Amino acid sequence: MDEETDKALQLDILAAMLSSDKKQAKEHVETLSNILEATLPEHVKIKRGGMFFSKDRPLEELTVQFDESAYILVVSKKGAVSAKKQKFVRGIALSSADMQVQECIDSIVQHLSETAAKSSAARQALSRFISGNNF
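In every chain, residue numbers begin from 1 and rise along the written sequence. For this predicted model, a pLDDT threshold of at least 70 governs which residues receive local features, and a threshold of 80 or more governs which side-chain atom pairs are given and counted, while totals over whole chains, interfaces and linings are taken from all residues. With hydrogens and water set aside, each side-chain value is computed from the structure's full complement of heavy atoms.

Caption draft 1: Representation of the overall build of the protein chain. Only DSSP runs of H or I with at least four residues qualify as helices, and only runs of E with at least two residues qualify as strands; both kinds are numbered from the N terminus onward. A count of helical and extended segments in the protein chain gives 4 helices and 5 strands. Traced from its N-terminal end to its C-terminal end, the protein chain shows the element sequence α-α-β-β-β-β-β-α-α. We call a residue buried when its accessible area falls under 20% of the maximum for its residue type, exposed when it is over 50%, and partly exposed in between, using a 1.4 Å probe and counting protein chains only. Per-residue burial over the protein chain gives 35% buried out of 135 residues. Within the structure as shown, the protein chain displays about 8600 Å² of accessible surface, and the carbon and sulfur contribution to it stands at 52%. Surface accessibility in these figures is a Shrake-Rupley result with a 1.4 Å probe; residues are shielded only by whichever protein chains are displayed.

Rendered as structure tokens:
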């Protein structure tokens, strides 16, 4: 198996893990936010709840921004996860639509693969994550 196929397979495994159990969706979104924040911070915006100096600052919203679209995962206080997609043209959000969490995660993984294919820095960051060298 060549290296590109191996990386694509690992991204597919990540997507499957993130959608494996809806009861654990909150934890999976937290994991995804940590991974993306460490590997591709320029594409990620994270909103956390709780008090500023509190030890426990739960994830409330994860936004993953790509060129023409953004994917937003929102975690409610009870742990339910919802998702939506925004479409951008020249930096302006033109539309927003709700979507299934699994569809959102699949879209994020697809865009990550495309970003890695276009950018050597993104490819190196994802390689560090996949090999476990960034934590």
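Caption draft 2: Seen up close, the side chain of His-43. Residue placement: His-43 occurs in the loop between α2 (25–39) and β1 (44–48). You can call His-43 buried: its relative accessible area is 16%. The contact definition used throughout considers only heavy atoms, calling two residues in contact when any of these lie within 4.5 Å. Once you skip the residues sitting within four places of it in the chain, His-43 turns out to touch Thr-63, Val-64, Gln-65, Phe-66 and Thr-115.

Caption draft 3: Expanded view of the packing of aromatic side chains. By convention, a stacked pair of Phe, Tyr or Trp rings (six-membered ring in the case of Trp) has centres within 6.5 Å and planes under 30 degrees apart, an edge-to-face pair has planes over 60 apart, and any other such pair is tilted. Enumeration according to the criterion identifies 1 aromatic pair in this entry. Ring geometry for Phe-66 against Tyr-71: centres 6.3 Å apart, planes inclined by 65°, an arrangement best described as edge-to-face. This pair shows no difference in class: Phe-66 is buried, exactly as Tyr-71 is.

Caption draft 4: Molecular detail of the sheet that holds strand β3 (residues 69–75). Taken together, 5 strands build an open sheet; the order of strands is β1-β2-β3-β4-β5 and the sheet is antiparallel. In this open sheet, the two strands that pair with only one neighbour each are β1 and β5 (92–99). Across the sheet, the axes of successive neighbouring strands diverge by a mean angle of 20°, strand direction being ignored. Examined bridge by bridge, β1 and strand β2 (residues 59–65) share 5 bridges and lie antiparallel to one another. Residue pairing across strands places Lys-47 opposite Glu-61, the latter belonging to β2. Only when DSSP finds a minimum of two bridges between them are two strands counted as paired. All axes are obtained by fitting lines to C-alpha atoms, using only the stretch in contact for helices, and the reported angles, taken between N-to-C directions, cover 0 to 180 degrees.

Caption draft 5: Highlighting the pattern of salt bridges. Salt bridges are counted wherever a side-chain nitrogen of Lys or Arg sits within 4 Å of a carboxyl oxygen of Asp or Glu. The final tally for this structure, using the stated rule, is 1 salt bridge. One salt bridge connects Glu-30 with Arg-48, and the closest N-O pair in it is separated by 2.8 Å. Remark: Arg-48 occurs in strand β1 and Glu-30 occurs in helix α2; sequence separation between them is 18 residues. Residue class for Glu-30 comes out partly exposed when judged on its relative accessible area of 23%.

Caption draft 6: Broad picture of the nonpolar core. Of all hydrophobic cores here, the largest spans 19 residues; its most connected members are Val-29, Leu-36, Leu-62, Leu-73, Cys-104 and Ile-108. Of all the secondary-structure elements, those providing two or more residues to this core are α2, β2, β3, β4 (81–89) and α3 (101–118). Residue types Ala, Val, Leu, Ile, Met, Phe, Trp, Tyr and Cys, when buried and joined through side-chain atoms within 4.5 Å, form a set referred to as a nonpolar core.

Caption draft 7: Geometry of unusual backbone geometry. Although it is not a glycine, Arg-90 adopts a positive phi angle of roughly 50°. Along the chain, Arg-90 falls in the loop between β4 and β5. Taking the relative accessible area as the measure of exposure, Arg-90 reaches 83% and is therefore exposed.

Caption draft 8: Local environment of the confidence of the model for the protein chain. A residue's pLDDT is simply how confident the predictor is in it, with values from 0 to 100. Overall, the predicted model of the protein chain reaches an average pLDDT of 77, with 69% of residues at or above 70. When pLDDT is averaged over each helix and strand of the protein chain, the minimum, 57, is found for helix α1 (residues 3–19) and the maximum, 93, for β3.

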